[in-house]
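One letter stands for each residue in the lines below.
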Amino acid sequence: MASDLEIDEENDNKGNMWDMEQKLDQSMDEEAGKLRNMYREKKFSALLVIRLAYQSLGVVYGDLGTSPLYVFYNTFPHGVDDPEDVIGALSLIIYSLTLVPLLKYVFIVLRANDNGQGGTLALYSLLCRHANIKIIPNQHRTDEELTTYSRTTIHERSFASKTQRWLEGHFIKRAILILVLVGTCMVIGDGILTPAISVLSAAGGIRVNKPEIDNRVVVVVAVIILVGLFSVQHYGTDKVGWLFAPIVLVWFLLIGGIGIYNIWRFGGRVLKAFSPLYVYRYIRNGRKDSWLSLGGILLSITGTEALFADLANFPVSSVQIAFTLLVFPCLLLAYSGQAAYLVHNLHHSQDVFYRSIPEKIYWPVFVVATLAAIVASQATITATFSIIKQALAHGCFPRVKVVHTSKKFLGQIYIPDINWILMVLCIAVTAGFKNQSQIGNAYGTAVVLVMLVTTLLMVLVMILVWHCHWILVVLFTGLSLIVECTYFSAVLFKVDQGGWAPLAIAGVFLLVMYVWHYGTLKRYEFELHSKVSMAWILGLGPSLGLVRVPGIGLVYTELASGVPHIFSHFITNLPAIHSVVVFVCVKYLPVYTVPEEERFLVKRIGPKNYHIFRCVARYGYKDLHKKDDDFEKKLFHNLFMFVRLESMMEGCSDSEYSLCEPQTEQSRDFMLNNNGNTNSLSNGDLTISSVDSIVPARSPAHVNVTFQSSSHYSEVDEYEFLSNCREAGVVHILGNTVVVASRDSRFYKKIAVDYIYAFLRKICRENSVIFNIPHESLLNVGQVFYV
């Protein structure tokens, strides 16, 4: 009997269910397919696409649009002697904008979005669904049935299948995770450097018209603007977001118009830069200054990664229309106009943007430039919050408070702790460097590293998800790496001139994220390997060897299957246990959201008279576990729904499948061997097994059943029993597993586990706070695990 139960538990974990599950309610597959398509492809009218393209200006293109403020200054920080160098630099800017933002990102990378979500971790989530590369193996077969869990079929003998098997190697899994974390940390670095360089460059316009003003005044003005910017983050962008699009639209029209004016005023000589011949001439010079200037030219494509990361609230077509029809032409005109002015004023390279503005509109342009810099900073800060939320969902960031700032948009969030850390670091960079050149060097280093990470992840997406021909993969990879490695080699020469800043920032965040993920993984492995066998639980009897007192005990665990070790620790040290025990598992999946109606899965563990259940709450990386009573209410609602559905299915008759025919002795033996002494029924949305089955608790609206009386247990009996237990009181039992390095561990593991991870656990939010558990209803059970 015990061995049968052990085998049953193992089979259940593998996801093997009764074959009848494949035969019931076939018509529902078509409906499920329609629902999945609704999440994958959203149709928009032409008018709505244009309106969303306009709105995307304020969210997606602020960072890329403010680059003309500082590109030529960082390209020629010490001045320029030859007009041909200006034309060569302009040619590089033109083709960089064409190859990277336009061709690579707008027309290729944006299509690799995860159900409309962009960014490094969105690509990682997409890959996690197509290959088993997630380090923490907490997924169940039912997770793949979610309407948002889209994936493509990989043929067994294809190159994609070979790549999949290679990726699933232990070492490669960790390498990909580290690669993704590096890209994530560089995006966080962008969230620090973008406000610093954008606001400082915009504020620098004061000195152009008022040269007597000291540079320290400009720095103070920039710091004041930054403090104000970060101080209003808790209001969210929803309340002032309607201002962003018109500000950025006016900004693009202004810089485009000023570019046309300067081309008309100083002549169209610079238009020769549209010939790629000038790129060759510029690089052929071979001078060190020409090569180092590539780090400044790189800044013309900063904000491109933010373009991908901020995709969430807009369809790809809208972002593409906004870029090709407005952003791209205006940027080309802006840079061409500045180059036309610079050719005739070679000594004005440090403030060419403000020098090239007609005097009559100088101050209006200065005001709009400052507002555009604030908008660009806001978009980058929001993207940083979003990517940290995604990292938190993947178990790669310490638990921090996440607040939704908008009821309309799921992606608009605010993280107080991160906000103040970003503000302090941003002010430190602004006040420490004091000039755009060194901040520009730092900014370029962060940007090019994120692009390299995206390129490597895109290669895997093209193979596993898109199943592209190898020629297309090689072509995309080759062109991307030629451009990005060229820029990367240039910024390496500037590591000692400010480029060290993002590397240092990213290094600290990478250490924090990797150590936290390592500790989280070890805690999960401890629960997984020390879970209790079903045979031991059933051997205790319905009373579990204790006094069953009225009430419901919610036992929180990391496990989505099996009985956690904390439960055995609890019942062997206390004389009583609650009448009803519910194991609660809250887990995040590699999907952007889990629809509300599919969020909860319910299990029954053991026979009915044991009154042990499991509830698994699933979230996507964009979802937020709100700090309110909704979670507990929804948990009990789904638990009660499960009990009612189970009772309905026990004594039902179905006109099509006749599930309630009298059972023969042979059929009962079959169920005993496969499902632990009780029935296992499935009707498309509902699967019931008394040992440890995982089921979505759904409304029975589409189930054709008739009620029969039960000789042992009726629906009313258990339903009322659960209601009475809930009224008697609910106690939340949390496991507090302390991870400690063993004595024979290496010194770096002891530092990481005993000091860094322990410190992070001490300062991060407790699970009791996240779940909003009242202190009087909380019971902590401590355990120590040596790694």
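What counts, and at which threshold
Residues numbered from 1 in each chain as written. Predicted model: local features only at pLDDT ≥ 70, side-chain atom pairs only at ≥ 80, totals over all residues. Heavy atoms only, no water. Helix = DSSP H or I, 4+ residues; strand = E, 2+ residues; numbered from the N terminus. Buried < 20%, exposed > 50% of the residue type's maximum accessible area, 1.4 Å probe, protein only. Contact = heavy atoms within 4.5 Å. Areas by Shrake-Rupley, 256 points an atom, 1.4 Å probe, with all protein chains shown as cover. Polar contact = N/O pair within 3.5 Å; in protein donor to acceptor, adjacent residues only side chain to side chain. Axes fitted to C-alpha atoms, helices over the stretch in contact; angles between N-to-C directions. Parallel < 35°, antiparallel > 145°, perpendicular 65-115°, else oblique. Nonpolar A, V, L, I, M, F, W, Y, C, P; charged D, E, K, R; others polar. Expected span 1.5 Å × (residues − 1). Bend = angle between axes of the 7 residues up to and from the residue. Patch = residues over 30% accessible without salt bridge, like charges linked within 9 Å, V, L, I, M, F, W, Y side chains within 5 Å. Salt bridge = Lys/Arg side-chain N within 4 Å of Asp/Glu carboxyl O. pLDDT = per-residue confidence, 0-100. Phe/Tyr/Trp six-rings, centres within 6.5 Å; stacked < 30°, edge-to-face > 60°. Lys NZ or Arg CZ within 6 Å of the ring centre and 35° of its normal. Core = buried A, V, L, I, M, F, W, Y, C linked by side-chain atoms within 4.5 Å. 1 Å grid on protein atoms, 1.4 Å probe; cavity = no way out; pocket = protein on both sides within 12 Å on 5 of 7 lines; lining within 4 Å. Points joined across faces, edges and corners; volume = space filled by probe spheres on them. Pairing = 2+ DSSP bridges. Left-handed = near helix turned anticlockwise from the far one by under 90°.

1. Concerning the overall build of the protein
Moving on, step 1. Across its full length, the protein carries 30 helices and 11 strands.
Moving on, step 2. Within the protein, buried positions represent 58% of all 787 residues.
Moving on, step 3. Across the protein, every contact between residues at least 6 apart in sequence was considered, and the portion connecting residues at least 24 apart equals 84%.
Moving on, step 4. Only carbon and sulfur atoms are counted for the fraction: they give 60% of the accessible area of the protein, which is about 33100 Å².

2. Comments concerning the side chain of S318
Moving on, step 1. Take S318: it is sitting in helix 17 (residues 316-344).
Moving on, step 2. There is a polar contact of 2.9 Å between the side chain of S318 and the backbone oxygen of V49.
Moving on, step 3. Those residues in contact with S318 that sit more than four places away from it in its chain are V49, L52, A53 and S56.

3. Focus: the packing of helix 3 (residues 46-60) against helix 17
Moving on, step 1. Relative to each other, helix 3 and helix 17 sit at 75°, their axes nearing to 8 Å. With respect to their mutual orientation, helix 3 and helix 17 come out roughly perpendicular. Counted together, V49, L52, A53, S56, L57 and V60 of helix 3 and S317, S318, V319, I321, A322, L326 and V327 of helix 17 form the full contact between these two elements.
Moving on, step 2. Grouping the constituent residues of the contact of helix 3 with helix 17 by class yields 10 nonpolar, 3 polar and no charged.

4. Let's talk about helix 3
Moving on, step 1. In this model, helix 3 (15 residues) spans 20 Å end to end at C-alpha, consistent with the 21 Å of a helix rising 1.5 Å per residue.
Moving on, step 2. Y54 marks the point of greatest bend in helix 3, at about 25°.
Moving on, step 3. The secondary structure elements touched by the buried residues of helix 3 are helix 4 (62-65), helix 12 (244-266), helix 16 (304-309), helix 17 and helix 19 (362-393).

5. Some details on a nonpolar patch on the surface
Moving on, step 1. Among the surface-exposed residues, F747, Y748, I751 and Y755 lie close enough to one another that they form a single nonpolar patch of about 520 Å² accessible area.
Moving on, step 2. Examined against the element boundaries, Y755 turns out to sit in helix 29 (residues 747-763).
Moving on, step 3. Relative accessible area serves as the criterion here: at 59%, Y755 is assigned to the exposed category.

6. A short note on the environment of G259
Moving on, step 1. Tracing the backbone through its elements, the reader meets G259 in helix 12.
Moving on, step 2. Spatially, the C-alpha atoms of G259 and S356 are 8.6 Å apart, while their sequence positions differ by 97 residues.
Moving on, step 3. With sequence-adjacent residues up to four places away left out, G259 is seen in contact with L333, A334 and G337.

7. Comments concerning the confidence of the model for the protein
Moving on, step 1. On average, residues of the protein score 80 in pLDDT, and 82% of them reach the 70 mark or higher.
Moving on, step 2. Counting interchain partners and residues more than four positions distant, the pLDDT-below-50 stretch residues 1-41 has 63 contacts.
Moving on, step 3. pLDDT under 50 marks residues 652-715. Its contacts with residues more than four places away, or in other chains, come to 146 contacts.

8. Regarding the packing of aromatic side chains
Moving on, step 1. Counting across every chain of the model gives 21 aromatic pairs.
Moving on, step 2. Residues W251 and F353 carry aromatic rings whose centres are separated by 5.6 Å and whose planes lie at 45° to one another, so their mutual orientation is tilted. Pair noted here: W251 is in helix 12 and F353 is in helix 18 (residues 352-355), with a separation of 102 residues, a long-range link.
Moving on, step 3. Against the face of Y149 rests R129, its NZ or CZ located 5.9 Å from the ring centre.
Moving on, step 4. Taking NZ or CZ as reference, R281 lies 5.1 Å from the ring centre of Y278, over its face.

9. Describing the nonpolar core
Moving on, step 1. Membership of the largest hydrophobic core comes to 172 residues, with the highest contact counts inside it found for Y61, F252, L307, F323, Y354 and F397.
Moving on, step 2. Tallying contributions element by element places helix 21 (residues 436-464) first for this core, with 19 residues.
Moving on, step 3. If near-sequence neighbours (up to four positions away) are discounted, F323 is found in contact with Y61, L64, P101, L102, V106, L307, F328 and P329.
Moving on, step 4. In terms of nonpolar packing, the next biggest core, distinct from the first, is built from 30 residues, V584, Y592, A617 and F631 among them.

10. Quick notes on empty space enclosed by the protein
Moving on, step 1. As enumerated under the stated definition, the model contains 7 cavities of 30 Å³ or more in all.
Moving on, step 2. Here the largest cavity defines a volume of roughly 100 Å³.
Moving on, step 3. Taken together, the elements giving at least two residues each to the lining of the largest cavity come down to helix 9 (170-203), helix 16, helix 19 and helix 21.
Moving on, step 4. At 4 residues, the largest contribution of residues to the lining of the largest cavity is made by helix 16.

11. Description of unusual backbone geometry
Moving on, step 1. Backbone geometry places N115, a non-glycine residue, at a positive phi of 55°.
Moving on, step 2. Looking at the element boundaries, N115 is found in the loop between helix 6 (83-106) and helix 7 (120-130).
Moving on, step 3. Non-glycine residue L544 carries a positive phi angle of around 60°.
Moving on, step 4. Here L544 shows up in the loop between helix 24 (534-539) and strand 3 (547-556).
Moving on, step 5. For L544, a relative accessible area of 2% puts it in the buried group.

12. A few points about the pattern of salt bridges
Moving on, step 1. Using the criterion set out here, one finds 14 salt bridges in the structure.
Moving on, step 2. Here D351 and R355 are joined by a salt bridge, their closest N and O atoms 3.3 Å apart.
Moving on, step 3. One connected set of salt bridges, linked through shared partners, spans E596, R599, D623 and K634.

13. Thoughts on the pairing of strand 10 (residues 730-740)
Moving on, step 1. By the bridge criterion, 5 bridges tie strand 3 to strand 10 in an arrangement that is parallel. Residue pairing across strands places I552 opposite V730, the latter belonging to strand 10.
Moving on, step 2. Note that strand 10 and strand 11 (residues 778-786) share 9 bridges and pair parallel. Bridging from a neighbouring strand, H732 pairs with L778 of strand 11.

14. Considerations on the packing of helix 12 against helix 19
Moving on, step 1. Between helix 12 and helix 19, the shortest axis-to-axis distance is 9 Å and the interhelical angle comes to 130°. Compared by their axis directions, helix 12 and helix 19 come out oblique. The two elements helix 12 and helix 19 cross, and the hand of that crossing is left-handed. Counting all contacts with helix 12, which are made through F244, I247, V248, V250, W251, L254 and I258, the residues of helix 19 involved are V365, V368, A369, L371, A372, V375 and Q378.
Moving on, step 2. Its residues placed into classes, the contact of helix 12 with helix 19 shows 13 nonpolar, 1 polar and no charged.

15. Examining the environment of G507
Moving on, step 1. Mapping G507 onto the fold places it in helix 23 (residues 500-529).
Moving on, step 2. Between the C-alpha atoms of G507 and V182, which are 325 residues apart in sequence, the distance is 8.4 Å.

16. A word on helix 17
Moving on, step 1. For helix 17, which comprises 29 residues, the first-to-last C-alpha distance of 41 Å matches the rise-based estimate of 42 Å (1.5 Å per residue) to within 8%.
Moving on, step 2. Largest kink in helix 17: about 45°, centred on F323.
Moving on, step 3. Most of helix 17 is tucked away, with 22 of its 29 residues classed as buried.

17. Comments concerning the pairing of strand 3
A regular strand carries its side chains on alternate faces of the sheet.
Moving on, step 1. The element strand 3 is largely enclosed, with a buried count of 7 among its 10 residues.
Moving on, step 2. In this structure, strand 3 lies alongside strand 4 (residues 576-588), joined through 8 bridges in parallel fashion. Counted as the bridge partner of G553 is V581 from strand 4.

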